[in-house]
Amino acid sequence: EESVELAENMICLGNVEYLTNNFKLALEWFDDALRLLRQRKEFELSVCKVLLRKAISFDKLGEYSRSIECFGEVLKLGRRLWGPNHPELSNVLNSLGNVHRNQGELRRALRCYEECLRIRSQADDVLGVASTKNNIGAIFASMEQVERSRQFYAESLRVKTEILGSVHIDTARTLYNMGQLYVTDRQFNSALSFLEESLRVFKLNLGENHNEVAACLCSIGTVHDETMDEELALSYFKRALTAVKGQGGSRAVKAQALHNVGIILTKRNDIDHAVRIFREALEMKQNSIDAEDKSDTQYCLANVLRLTGCTSE
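The following refers to the structure shown. Just so it is clear, the model here is predicted, and its values are computed rather than measured.

Here we look at unusual backbone geometry
It is generally the case that most residues other than glycine have a negative phi and that most peptide bonds are trans.
No. 1: A positive phi angle, close to 65°, is found at Asn21, a residue other than glycine.
No. 2: Of the residues examined, Asn21 reaches a relative accessible area of 55% and is grouped as exposed.
No. 3: Even without glycine at this site, Asn269 takes up a positive phi of about 65°.
No. 4: With respect to the helices, strands and loops of the structure, Asn269 is situated in the loop between α13 (251-267) and α14 (271-284).

Here you go:
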C-alpha cells in the first residue's frame, strides 16, 4: 500500500511539472512512478495514463522517436484494456498521427488519422470527426493531392462552422488551412478570402501577438508577393515578425517571415540588409527537421553572397 501511495504522489508531482511545461522533470517523476506501478497488474490503467503523459512530454521536447515508442505502448495496452474501438484510443491515434506528421512521416500519420476517423465515426463524435478530417486534409495537402485535401477541409469547415460557429478558433484553423491550399494551387483571390477571414477570427480569439496570427499574416504577405505587390507583402511580413516577437514565439514562423523579407530585399538590391536577414532566418532554422526548408534559405543566402563577391560560410 505504501508503494501505491508513493506512486500516486510521484504522478501528482509529475503532473505539476507537466502542467508548468517542465517536461524533463515531469519525465523523471513519471519514470519513478512507473517502476512501482508495473510491479502489479491491477495498476495497468494507471500505467497507460502515465505512459500517455510521457509520450506527450517527449513530443513537447522534440524527442519524437521516444514519443512514438511511448504512444505505441499506450496503444498496445489500451487496446487490451479498452478494446479496439474505445474513444480514448482515437485520441491516442490522433496524437501519434501528429508526431508522425511533424517528422514528415506522412503515410504513417495518415494511417493513424484514418483509424482515428473510423473510431470517432462509430462513436458519432461529430466534432472529433471534423477535427480528424482537417488533419487528413493537411496530410493530402502535404502530398500535393489538392482536390482530396480540399474535400476533407471543406467537410471539416462545414461541421465546425455549424457546431462551433464562425468565430471559433478551431473554425479559424480550418479556414487558414483552406487558404494555404489555395495558395499552393495559385488561386490567390480565394486564398486571400480564406486567410483574411481566419486572421480576423484568430485576432478576435488570440489578440494581436500570437504564433497563429503571425503565421496567417505571413501567408497573406506571400499572396501579395505572388501578385506583385511587394510593398504590401513586406508590410505583412513585418507585422508577422511583430506578432511572433512578444511571446518568444515560434521559431519556424519567425524564420519564414525573415526568409520572405530577405527575398524582397534581394529583389530591391538591398544586398547587405538581405544578407543579415537570411543569416538570421538560417539561425532560426538550425534545429528544423525540414531539410528542404533549411536548404531554401541556404540557397538564397549563397546567391546574395555571390552578388557581394563573398561565399557562404
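Brief notes about the packing of aromatic side chains
No. 1: Under the counting rule described, the total for this entry stands at three aromatic pairs.
No. 2: Each ring, one from Phe140 and one from Phe152, has its centre 5.7 Å from the other, and the planes form 35°; the classification is tilted. Taken together, the residues span a long stretch of sequence, with Phe140 in helix α7 (residues 126-142) and Phe152 in helix α8 (residues 146-164) at a distance of 12 residues.
No. 3: With a centroid separation of 5.5 Å and 15° between ring planes, the pair formed by Tyr182 and Phe194 is classed as stacked. Taken together, the residues span a long stretch of sequence, with Tyr182 in helix α9 (residues 169-184) and Phe194 in helix α10 (residues 188-206) at a distance of 12 residues.
No. 4: For Tyr182, a relative accessible area of 12% puts it in the buried group.
No. 5: The ring of Tyr18 has Arg53 sitting right over it, with the charged end atom 4.2 Å from the ring centre.

Things to note about the packing of helix α4 (residues 64-82) against helix α5 (residues 87-102)
No. 1: Between α4 and α5, the shortest axis-to-axis distance is 10 Å and the interhelical angle comes to 160°. With respect to each other, α4 and α5 are oriented roughly antiparallel. Here the hand of the crossing between α4 and α5 comes out left-handed. Between α4 and α5, the residues in contact are Tyr64, Ser67, Ile68, Phe71, Val74, Leu75, Gly78, Arg79 and Trp82 and Glu88, Leu89, Val92, Leu93, Ser95, Leu96, Val99, His100 and Asn102, respectively.

Re the nonpolar core
No. 1: Counting residues in hydrophobic clusters, the biggest one holds 55 residues, and the most contacted among them are Leu195, Phe202, Leu217, Val223 and Val261.
No. 2: Elements with a contribution of two residues or more to this core: α8, α9, α10, α11 (211-226), α12 (230-245), α13, α14 and α15 (291-308).
No. 3: When residues no more than four places from it in sequence are discounted, the contact partners of Leu217 are Leu199, Tyr236, Arg239, Ala240 and Ala243.
No. 4: Grouped together as the second largest cluster of nonpolar side chains are 35 residues, Ala7, Ala26, Leu51 and Leu89 included.

Observations regarding the packing of helix α6 (residues 106-122) against α7
No. 1: One way to put it is that α6 packs onto α7 with a least axis distance of 9 Å and a crossing angle of 160°. Considering the angle they form, α6 stands roughly antiparallel to α7. Here the hand of the crossing between α6 and α7 comes out left-handed. In contact with Leu106, Ala109, Leu110, Tyr113, Glu114, Cys116, Leu117, Arg120 and Ser121 of α6, α7 contributes Gly128, Val129, Ser131, Thr132, Lys133, Asn135, Ile136, Ile139, Phe140 and Ser142.
No. 2: For the contact of α6 with α7, a count of residues per class yields 10 nonpolar, six polar and three charged.

Quick word on α9
No. 1: The first and last C-alpha atoms of α9 sit 23 Å apart over 16 residues, in line with the 22 Å expected at 1.5 Å per residue.
No. 2: With 12 of its 16 residues buried, α9 lies for the most part within the structure.
No. 3: Listed as buried for α9 are Ile169, Thr171, Ala172, Thr174, Leu175, Tyr176, Asn177, Met178, Gly179, Leu181, Tyr182 and Val183.
No. 4: On its buried side, α9 packs onto α7, α8, α10 and α11.
No. 5: Where α9 terminates, the next one or two residues include Arg186, which has phi positive at roughly 60°.

What counts and how
- Residues numbered from 1 in each chain as written.
- Predicted model: local features only at pLDDT ≥ 70, side-chain atom pairs only at ≥ 80, totals over all residues.
- Heavy atoms only, no water.
- Buried < 20%, exposed > 50% of the residue type's maximum accessible area, 1.4 Å probe, protein only.
- Helix = DSSP H or I, 4+ residues; strand = E, 2+ residues; numbered from the N terminus.
- Phe/Tyr/Trp six-rings, centres within 6.5 Å; stacked < 30°, edge-to-face > 60°.
- Lys NZ or Arg CZ within 6 Å of the ring centre and 35° of its normal.
- Axes fitted to C-alpha atoms, helices over the stretch in contact; angles between N-to-C directions.
- Parallel < 35°, antiparallel > 145°, perpendicular 65-115°, else oblique.
- Left-handed = near helix turned anticlockwise from the far one by under 90°.
- Contact = heavy atoms within 4.5 Å.
- Core = buried A, V, L, I, M, F, W, Y, C linked by side-chain atoms within 4.5 Å.
- Nonpolar A, V, L, I, M, F, W, Y, C, P; charged D, E, K, R; others polar.
- Expected span 1.5 Å × (residues − 1).

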